Amino acid sequence: MKKKAVLSVTMAFGLTAVLAACGDAENNNGGADNGANNAEENVSDNNEAEAANSEYSSGDASYVIEAGIGLNNQHPQYEGLLRFKEIVEEATDGDVYVETYHSSQLGDDREMMEALQLGSQEVTIPSTAPVTNFVEEYAILDFPFLFANEDVAMEVLNGEIGDELLDSLEDQEMVGLAWWENGYRDLTNSTQPVETAEDFQGLTIRTMENEVHLEAFSELGANPTPMAFGELFTGMQQGTVDGQENPLATIYLEGFYEVQDYYSDTNHVYSPFVFLMSKQFYDSLPDDYQEIVGDAAQEAGEFQIEQNRAQNEELLDALIDEGMEHSEVTDEAREEMAEIVQPVNDQFAEQLDQDFVERFFQAVEEAEEMHQ
Ligand code: KDG
């Protein structure tokens, strides 16, 4: 946002953020406020100190970027955002200043994307699932059991078809600057161990706002309930839902083990993050600044992906230490789940542009040959 207009809106958002943080503190900080985190609290302190200690200030900047995410300040996604801030401020000598918000302080994914469209917020980095409500082709990214591994996913996303998906956001007044990574989603619940497709029967599971997810979980016999991420912890605590699905880093760093007993490594969907900027804001930047924010989103993304993969790999033991029971899902069980949900993938693929679908699967096939 251009500085002149910035102050009043920034103050309004700042106040909203503070009110949100006060009114819904437990929700906003997941793990940190739920007591059990220790080492992670240091990460949190560091992040906040880093943000507060920036040598630049919004008052001296020509442009201010308000960047918000749904996950908390312990997640590698927030570390990535801080890296973006550092790169952009340094490269513009503070002429572009980045204010970072976490824990849905600026709203949930859908609200933040709408704010980008209106030009009242500059950056958000949602999982791709809710983006489907703006560009229907994004549905394909949430097909269960689509990508054989993370390298295949990144090969596709960073290739031509991924660029096409980023470009398609422009009609929605957003600019897609880079792919970041959330990772493979796993199931947790408070009712029963889930090892096979049959075990999903009757479970009420929070899903993101995405029709593919809703249909797939229904097909498995569960009761999917779409809910904003910011409401999820309370939803599980109060028993509105039995369970949820997210990558390990989120499950641990948001403290979900406080309210969930069973963890299953279903790996059912690979979830990318997409780095979004308000088109109105992007268009207002001079060419060299456009290049700087684009490169920074890419570079910070590489750092975020590295951190994220490390956390997704390391945190299983920590989760078990916190008392969660780990149900190991076999490849056979995953194949059975994949077979059950295949009609959902087919049904959604039919609704999309067929040329796009063909080229997308061609890209997946080629990526698989490269990264077996
Ligand atoms: O910061 C990202 C979150 O807002 C959200 O997209 C995380 O995967 C997510 C979920 O389950 O809502």
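Just above sits the structure.
Residues numbered from 1 in each chain as written. Predicted model: local features only at pLDDT ≥ 70, side-chain atom pairs only at ≥ 80, totals over all residues. Heavy atoms only, no water.

### Some remarks on helix H6 (residues 150–157)
Line of reasoning, step 1. For H6, the set of buried residues is Val152, Ala153, Met154, Val156 and Leu157.
Line of reasoning, step 2. Buried residues in H6 make contact with helix H7 (160–167), strand E4 (174–189), strand E8 (262–278), helix H12 (287–321) and helix H14 (354–370).
Line of reasoning, step 3. One side-chain oxygen of the residue at the start of H6 lies 3.0 Å from the amide nitrogen of Asp151, identifying that residue as Asn149. (Buried < 20%, exposed > 50% of the residue type's maximum accessible area, 1.4 Å probe, protein only. Helix = DSSP H or I, 4+ residues; strand = E, 2+ residues; numbered from the N terminus. Contact = heavy atoms within 4.5 Å. Polar contact = N/O pair within 3.5 Å; in protein donor to acceptor, adjacent residues only side chain to side chain.)

### Quick look at unusual backbone geometry
Line of reasoning, step 1. For Asp93, which is not glycine, the phi torsion reads 50° and is therefore positive.
Line of reasoning, step 2. Counting through the fold element by element, Asp93 comes out in the loop between helix H4 (76–91) and strand E2 (96–101).
Line of reasoning, step 3. With a relative accessible area of 60%, Asp93 lands in the exposed category.
Line of reasoning, step 4. For Glu173, which is not a glycine, the phi torsion comes out positive at approximately 65°.
Line of reasoning, step 5. Residue position: Glu173 is located in the loop between H7 and E4.
Line of reasoning, step 6. A relative accessible area of 35% means that Glu173 is categorised as partly exposed.

### Considering the site of the ligand
Line of reasoning, step 1. Around the ligand, a shell composed of 15 residues is seen, among which Gln77, Asp109, Ser127, Arg185 and Arg206 lie nearest.
Line of reasoning, step 2. The contact in question runs from an oxygen atom of the ligand to an N or O atom on the side chain of Arg206, over 2.7 Å.
Line of reasoning, step 3. Residue Asn246 places a side-chain N or O atom 3.1 Å away from an oxygen atom belonging to the ligand.
Line of reasoning, step 4. In isolation the ligand offers 330 Å² of accessible surface; the protein chains occlude 99% of this area.
Line of reasoning, step 5. Looking at the shell around the ligand, its residues break down into seven nonpolar, five polar and three charged. (Near = heavy atom within 4 Å. Areas by Shrake-Rupley, 256 points an atom, 1.4 Å probe, with all protein chains shown as cover. Nonpolar A, V, L, I, M, F, W, Y, C, P; charged D, E, K, R; others polar.)

### Describing the packing of aromatic side chains
Line of reasoning, step 1. Across all of its chains, the model carries 14 aromatic pairs by this definition.
Line of reasoning, step 2. Taken together, a centroid distance of 4.8 Å and an interplanar angle of 55° make the contact between Phe84 and Phe275 tilted. Separated by 191 residues along the polypeptide, Phe84 in helix H4 and Phe275 in strand E8 bring together distant segments of the chain. For the pair shown, Phe84 and Phe275 are each scored as buried.
Line of reasoning, step 3. With centroids separated by 5.4 Å and ring planes inclined at 50°, the aromatic side chains of Trp180 and Phe275 adopt a geometry described as tilted. Placement of the pair is Trp180 in strand E4 and Phe275 in strand E8, with a sequence separation of 95 residues. Of the two residues examined, Trp180 and Phe275, each falls in the buried class.
Line of reasoning, step 4. Put simply, the rings of Phe147, Tyr184, Tyr270, Phe356, Phe360 and Phe361 pair up and form one aromatic cluster. (Phe/Tyr/Trp six-rings, centres within 6.5 Å; stacked < 30°, edge-to-face > 60°.)

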